[in-house]
Amino acid sequence: MSTSGSSSLSETCSLDSAYRRLYHYQGRDFQDYSIERLIYPVPVDEDEADRLNRQHAVFKKIFDNRLIFPPVEDPKKILECGYGSCAWAIEAAEKYPEAEIIGIDISPHLKPEETPGNLWCQFDDLNESFNFKSGEFDFVHSRLVAPGINKSRWPGYVRDCFKVLKSGGWLQMVEIYFNAQSDNGTLTEEHGLRRWSKTYLELFEAEKDLRAPTRMQSLMEAAGFTEVQSRMMPLPLNGWSRDERDREIGNLNKSNAKDLINAMALWPFTNTEGGAGMSPEQFYVLIARARNEIDDLSLRPYFPLYVVIGKKP
Ligand SMILES: C[S@@+](CC[C@H](N)C(=O)[O-])C[C@H]1O[C@@H](n2cnc3c(N)ncnc32)[C@H](O)[C@@H]1O
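As annotated in an unreviewed UniProt entry, the chain is S-adenosyl-L-methionine-dependent methyltransferase from Orbilia ellipsospora.

Our focus in this paragraph is the pattern of salt bridges. Throughout the structure, instances matching the rule amount to 22 salt bridges. K76 serves as the salt-bridge partner of D74, at 2.9 Å between the closest nitrogen and oxygen. Residue D74 is classed as exposed on the basis of its relative accessible area, which comes to 52%. The partner of K311 in a salt bridge is E227, with the nearest N and O atoms 3.6 Å apart. Remark: E227 occurs in strand β8 (residues 226–236) and K311 occurs in strand β9 (residues 302–311); sequence separation between them is 84 residues. Exposure remark for K311: the relative accessible area of 25% places this residue in the partly exposed category.

Here we take up the nonpolar core. With 100 residues, the main nonpolar core has L79, Y157 and W196 as its most contacted residues. For this core, the element with the highest residue contribution is helix α8 (residues 244–270), accounting for ten residues.

Near the ligand there are 17 residues, and of these G82, D105, D125, L126 and R143 occur at the shortest range. Take I106: an N or O atom from its main chain is 3.0 Å from a nitrogen atom of the ligand. Between the ligand and R143 there is a distance of 2.6 Å, counted from an oxygen atom to a side-chain nitrogen or oxygen. Protein contact buries 98% of the 590 Å² of open area that the ligand shows by itself. Among the detected pockets, the ligand sits in the largest cavity. Of the residues contributing to the shell around the ligand, the split by class is nine nonpolar, four polar and four charged.

Evaluated as defined, the whole model comprises zero disulfides. C86 forms no disulfide, and the closest cysteine sulfur to it belongs to C121, at a distance of 3.8 Å. Under the relative-accessibility criterion, C86 is labelled buried at 0%.

Even without being a glycine, N65 presents a positive backbone phi close to 70°. In this model, E227 sits at a positive phi of 50°, which is unusual for a non-glycine residue.

Tracing the chain through its elements places R143 in strand β6 (residues 137–143). Not counting residues up to four positions away in its chain, the partners in contact with R143 are H56, F59, C81, W88, V174 and E175. Of the polar contacts made by the side chain of R143, one reaches the side chain of H56; its length is 2.9 Å.

α8 packs onto helix α3 (residues 46–62) with a crossing angle of 155° between their chain directions and a minimal axis gap of 9 Å. Judged on the interaxial angle alone, α8 and α3 are roughly antiparallel. Regarding α3 and α8, the two cross each other, and that crossing is left-handed. Across from E48, R51, R54, Q55, A57, V58, K61 and I62 in α3, the residues of α8 making contact are R245, E248, I249, L252, N253, S255, N256, D259, L260, A263 and M264. When the residues that make up the contact of α3 with α8 are grouped by side-chain class, the tally is eight nonpolar, four polar and seven charged.

Conventions adopted
- Residues numbered from 1 in each chain as written.
- Predicted model: local features only at pLDDT ≥ 70, side-chain atom pairs only at ≥ 80, totals over all residues.
- Heavy atoms only, no water.
- Salt bridge = Lys/Arg side-chain N within 4 Å of Asp/Glu carboxyl O.
- Buried < 20%, exposed > 50% of the residue type's maximum accessible area, 1.4 Å probe, protein only.
- Helix = DSSP H or I, 4+ residues; strand = E, 2+ residues; numbered from the N terminus.
- Core = buried A, V, L, I, M, F, W, Y, C linked by side-chain atoms within 4.5 Å.
- Near = heavy atom within 4 Å.
- Polar contact = N/O pair within 3.5 Å; in protein donor to acceptor, adjacent residues only side chain to side chain.
- Areas by Shrake-Rupley, 256 points an atom, 1.4 Å probe, with all protein chains shown as cover.
- 1 Å grid on protein atoms, 1.4 Å probe; cavity = no way out; pocket = protein on both sides within 12 Å on 5 of 7 lines; lining within 4 Å.
- Sits in = over half its atoms within 2 Å of the grid points.
- Nonpolar A, V, L, I, M, F, W, Y, C, P; charged D, E, K, R; others polar.
- Disulfide = S-S within 2.5 Å.
- Contact = heavy atoms within 4.5 Å.
- Axes fitted to C-alpha atoms, helices over the stretch in contact; angles between N-to-C directions.
- Parallel < 35°, antiparallel > 145°, perpendicular 65-115°, else oblique.
- Left-handed = near helix turned anticlockwise from the far one by under 90°.

If you want it as structure tokens, here you go:
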């Protein structure tokens, strides 16, 4: 971890600058460290911070403004895995002013300069074993980090979350399965959105487990969690639903969805070393098609969203 440990000051500074170094690619800023190690190859610029804040607003609407779903009373210490723009962490810090919120992220770039005094953000890789003490936290929150978790790390990641929780503490995981679909049969393999999903899921097959969201319940049970509850709900990509609340969610999510398919795929789809090797022109044609489809209510497109909670006995 960059802010602790027994390393000398110069080692800490060089690690610090390695984490901060940017890689400019196709008009976006990426974290060089993350790209080199294929940790989380998604931009870390202002546009991405803005997208994450809009995405957080979508989740607030979906979850009726609730930050924590299980019955966690008066938490003293909360771990936020992959804090991103700190949208969730800042609200948690404000809602629980007596709690210490510790955030971990591989990238420090998306974090705002000013954060509440009870929020401590560190940089570290969630693929490494946690170096927190056992039983330190009342609650662990992990949202939308799946594309950054190595395939073989998943069982250890969930076990580490278990280890750092106090007895009676809860883990809450929220992940999108990036497999665009529609229940009315109109979204075919010829559509840009399906091509996006297929390419995205296949590209990371060797390194990441992008189907892990569908297995979080069994991973949590295997790690020893009890009272595990799992729910899958459609995350609408536009306002196709006849249900007023879902239509509002879809309308709110539309701009995020359009920016998400660009941000998540730009580097993996276009780089020629291990990526799909599309030319920028081919990439932007695909993104433009998929974005048009996000405007099309008749396709009723959605990503499955998985929410799983479990308690450490
Ligand atoms: C899509 S953002 C989600 C941010 C926040 N959890 C939210 O829901 O708003 C994913 C974040 O997880 C971080 N991340 C992904 N893989 C990671 C890893 N292996 N170690 C640490 N952070 C990681 C990314 O840097 C990014 O900030």
